[in-house]
Amino acid sequence: MGRLYVILFTVFIFFLIPAAAGSAMDGSYLLNISINSTENVSFANHNESPMEGNWIKLSGGTPVTLPALNLVFNGVNNSNFTRNGKTINITASVDNYSDHLIEYPYSSHSIYTNVSGNNEMNLSFFGSSHFADLSIDIYLVSSTPDEVWDIINDAVDGNTTIFRNLLNDSLKRINYSLNSTGDNSSISFGSQQAGDYVIFVLLNSSHLTNPNDLSILSTTTVQVLKYESVVTAPTSAKTNYIVPVQIKLTDADQGNYIYGAILVHKDAYEATLRFEFNGTRDQTNLTIDGADLVEKGELTGINLTSLNTTKLQEIIETVIGPENGTVSFTDDKDSTSASFSLTTNDLNTGDYYLLVCAYESGERLVAFNQNIINIYTPSSSNGGGGGGGGGMSDEPENVEETVFLRIYLRAGDSATYNFNNVVTSVEVTPEKTYGLVAVKMEVLHGQPGSITTDPPNGVIYKYFNIFVGNLGWSEGKLSSSVIKFQVPASWFKENNIDPASVILYRHHDGNWQALKTTMTGQAGRYYQYSSPTPGFSAFMIMGSVGDSGDVEPVATPDLGTVAGSTPTPEATWISDKGIPGFGLMLGIMGILIAVYSGRK
């Protein structure tokens, strides 16, 4: 994604995630750029399959554990315009204004260092069976991400000359044949010096109707780091403790370096990039777990010429959440070593990735190191963070249905988790920006076994659990929370229940507490209700024959209808099999950003 990755991801290795391209329109392609109807640049489709998704997998060097990376694209799927006398048509095989997701399929990625044995650049290409037995050309080019960004801008302006020249001037070009499944796992570029590289996989022109066309199957950015580094840090630390961390560059030249250290909880080691646009610069937005990278077509404080550590720290802390990590940067210093004192105050317990890096002006990221630190308390109690959705039901056999949802929570903005069962939605407004926060909703067969409190008099319709974040996470973090639910009209008829008598109860502090419940209407065969709640735990829906006005609802200060005039974001549905992937990848987002942020 060009400039968007350069500063943010070079600091904590996200930059090294392959920027796979995607593309044209026959099921095997996702995006196509047509220039004067005489030249096409198309990008192969990708999916979450590590063996069929048209992915480049690097090997050699040092493997680094990647965060779970997902991409969401929402916007228009067709654009026509004239630029420099050329008619440009860009089409993508995605639905208009519908979330399209892809999950990056690999859990690790190789980084390389300018040291013998650590700079051998090897790779495999796992293409779809559509390309079985065809030949490909693989290019290794020396190019920085900002140069690639300019090439993308030129391409969407209808000028592919610079891209073609880049391929012609490649350091290496190798022709390979794919096997019967569209793969090749014996590709090697050998040892490489420190620097920035881009790998392109193109379908050989002999397979194209028009030899002037370009069919890009995949691409990835690669960096060979300048220096090795030695990091000294403890393997474990207590909560409310100072973790000493030191980094020393090996055989490094004297110069001005900025050092960074990041602790991030394993459960929060994930990121979702969301790209939204409507075809104009003013409506081009890119976020990472709710933190703005591009807003209204403009980069939000991230640039190539300098490292804005204040802005970068703000973004990282928003992404990982204040209870799931900590970040520290040094100022410019003329030293090949640095020390950090990372605090574990208010952090959740568990295993954390420690990412330590060095940045040199004009050289970008020059060293990187990854370790694991366990943070614990003497009582081994585990707090909850925003990312996990870690509440557990008392007994699995009592669970009728389980639904997981994740959504971005931004300070002051209402957000809605939409369900399709007893609970129709949960609306929350967070006090702070917490990024991606999970909700688990369990419909139960009966009362949870751990609850011994007798329910109040009445007829029970359903029990259910709602967990926001990990156990207890939501307490004090949400300025408002509203549960909306529905009850079928048939239940009222069968049990002689007055629909106006329905009350939602929450189990809290050992008691069933009645929540203020409002019947909001009737939709089809269901009566619909709304109840503000001060927290989340086990709930019970109850009705009675006649009026229930003698029940005193629990106080829920400032919990009315969730305010906010902006549309609530759509939740990401998650099943036990993971996030379903559609054919969209990093390269397409980079192209679309260039296309639409370049238009007036």
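Residues numbered from 1 in each chain as written. Predicted model: local features only at pLDDT ≥ 70, side-chain atom pairs only at ≥ 80, totals over all residues. Heavy atoms only, no water.

1. Some words on the overall build of the protein
Note the threshold: Secondary structure elements are defined from DSSP: runs of H or I of at least 4 residues count as helices, runs of E of at least 2 residues count as strands, and each element is numbered from the N terminus. Here the term buried applies to any residue with accessible area under 20% of the maximum for its type, exposed to any over 50%, and partly exposed to those in between, with areas from a 1.4 Å probe on protein chains only. Whether two residues touch is decided by their heavy atoms; if any such pair falls within 4.5 Å, the residues are in contact. Only the protein chains shown count as cover for residues, with accessible areas throughout obtained via the Shrake-Rupley method and a probe of 1.4 Å.
Looking only at helices and strands, the protein has six helices and 39 strands in total. Within the protein, the proportion of its 600 residues that are buried is 57%. In the protein, 75% of the contacts between residues at least 6 apart in sequence involve partners at least 24 apart. Taken as a whole, the protein presents about 24,100 Å² of accessible surface, with 45% of it coming from carbon and sulfur.

2. Quick notes on the pattern of salt bridges
The test is simple: Salt bridges, as used here, are contacts in which a Lys or Arg side-chain nitrogen is within 4 Å of a carboxyl oxygen on Asp or Glu.
Inspection of every chain in the model, using the stated rule, returns six salt bridges. Of the charged contacts in the structure, one is a salt bridge between arginine 164 and glutamate 39, with a shortest N-O distance of 2.7 Å. Of this pair, arginine 164 sits in helix 3 (residues 161–168) while glutamate 39 sits in strand 2 (residues 39–44), placing them 125 residues apart in sequence. Among the residues examined, glutamate 39 registers a relative accessible area of 10% and is labelled buried.

3. Details of the sheet that holds strand 3 (residues 55–59)
Counted only if it meets this: The criterion for strand pairing is that DSSP finds at least two bridges linking the strands in question. Note on geometry: axes are lines fitted to C-alpha atoms, helical ones only across the stretch in contact, with angles between N-to-C directions running from 0 to 180 degrees.
One open sheet accounts for three strands, arranged 3-10-13; its pairing is antiparallel. Looking at strand neighbours, the two that pair on one side only are strand 3 and strand 13 (183–191), the edges of this open sheet. Averaged over all neighbouring strand pairs, the angle between strand axes comes to 25 degrees, with direction disregarded. Examined bridge by bridge, strand 3 and strand 10 (residues 120–126) share five bridges and lie antiparallel to one another. Looking at strand 10, one finds that lysine 57 is bridged to serine 124.

4. Comments concerning the sheet that holds strand 24 (residues 325–329)
If you walk across this open sheet you meet the five strands as 17-27-26-19-24, and the pairing is mixed. In the strand order of this sheet, the two ends are held by strand 17 (236–238) and strand 24, each with one partner. Along the sheet, successive strands turn relative to each other by an average axial angle of 25 degrees, direction set aside.

5. Regarding helix 3
To keep it simple, the criterion reads: This arc describes the spread of directions from the helix axis toward the C-beta atoms.
For helix 3, the complete set of buried residues consists of Phe163, Leu166 and Leu167. The buried residues of helix 3 occupy an angular sector of 95 degrees when projected down its axis, which confines them to one face.

6. Some thoughts on the pairing of strand 32 (residues 459–468)
Walk down a regular strand and you will see the side chains alternate between the two sheet faces. Where burial is concerned, most of strand 32 is hidden: eight out of the 10 residues are buried. Note that strand 31 (residues 435–444) and strand 32 share six bridges and pair antiparallel. In the sheet register, glutamate 442 faces strand 32, and the bridge partner there is asparagine 465. With six bridges connecting them, strand 32 and strand 38 (residues 538–543) associate as antiparallel partners. Bridging across to strand 38, isoleucine 460 finds its partner in methionine 542.

7. Some thoughts on the pairing of strand 18 (residues 242–249)
By the alternation rule, side chains of strand 18 split into Val243, Val245, Ile247 and Leu249, which are all buried, and Ile242, Pro244, Gln246 and Lys248, of which none is buried. Bridge analysis of strand 18 against strand 25 (residues 337–343) gives seven bridges, and the strand direction is antiparallel. Each residue of the ladder has a partner; that of proline 244, found in strand 25, is serine 341.

8. Some words on the packing of aromatic side chains
The cut-off we apply is this: Between 30 and 60 degrees the pair is tilted, below 30 it is stacked and above 60 it is edge-to-face, where a pair is any two Phe, Tyr or Trp rings, Trp via its six-membered ring, whose centres lie within 6.5 Å.
This model, assessed by the stated rule, comprises 13 aromatic pairs. Between the aromatic rings of phenylalanine 163 and phenylalanine 200, the centroid separation amounts to 5.2 Å while the plane-to-plane angle is 70 degrees, which identifies the pairing as edge-to-face. Note that phenylalanine 163 is positioned in helix 3 and phenylalanine 200 in strand 14 (residues 195–203), a separation of 37 residues in sequence. A relative accessible area of 7% places phenylalanine 200 in the buried class. Ring centres of tyrosine 463 and tryptophan 512 lie 5.9 Å apart, and the angle between their planes is 50 degrees; on these two criteria the pair is classed as tilted. Of this pair, tyrosine 463 sits in strand 32 while tryptophan 512 sits in strand 35 (residues 511–515), and the two are 49 residues apart along the sequence.

9. Here we look at the environment of tryptophan 512
Owing to a relative accessible area of 10%, tryptophan 512 belongs among the buried residues under this scheme. Through-space distance from the C-alpha of tryptophan 512 to that of aspartate 454 is 8.3 Å; in sequence the pair is 58 residues apart.

10. Focus: unusual backbone geometry
Positive phi outside glycine occurs at asparagine 84, with the angle close to 55 degrees. Positionally, asparagine 84 belongs in the loop between strand 6 (78–83) and strand 7 (86–92). Given a relative accessible area of 66%, asparagine 84 falls into the exposed group. Its identity is not glycine, yet aspartate 251 carries a phi of approximately 50 degrees, on the positive side.

11. A word on the confidence of the model for the protein
Going by this rule: Per-residue confidence from the predictor is reported as pLDDT, which spans 0 to 100.
Averaged over every residue, the pLDDT of the protein is 76; residues scoring 70 or more account for 75%. Low confidence marks residues 1–26, where pLDDT is under 50. Its contacts with residues over four positions away, or in another chain, come to 133 contacts. Under a pLDDT of 50 for its full length, residues 547–600 has, in the predicted model, 162 contacts with residues more than four places off or in other chains.

12. Describing the side chain of serine 34
Residue placement: serine 34 occurs in strand 1 (residues 29–35). What makes serine 34 buried here is its relative accessible area of 13%. Look past the residues within four positions of serine 34 in its chain and what remains in contact with it is Glu39, Asn40, Thr87, Ile88 and Asn89.

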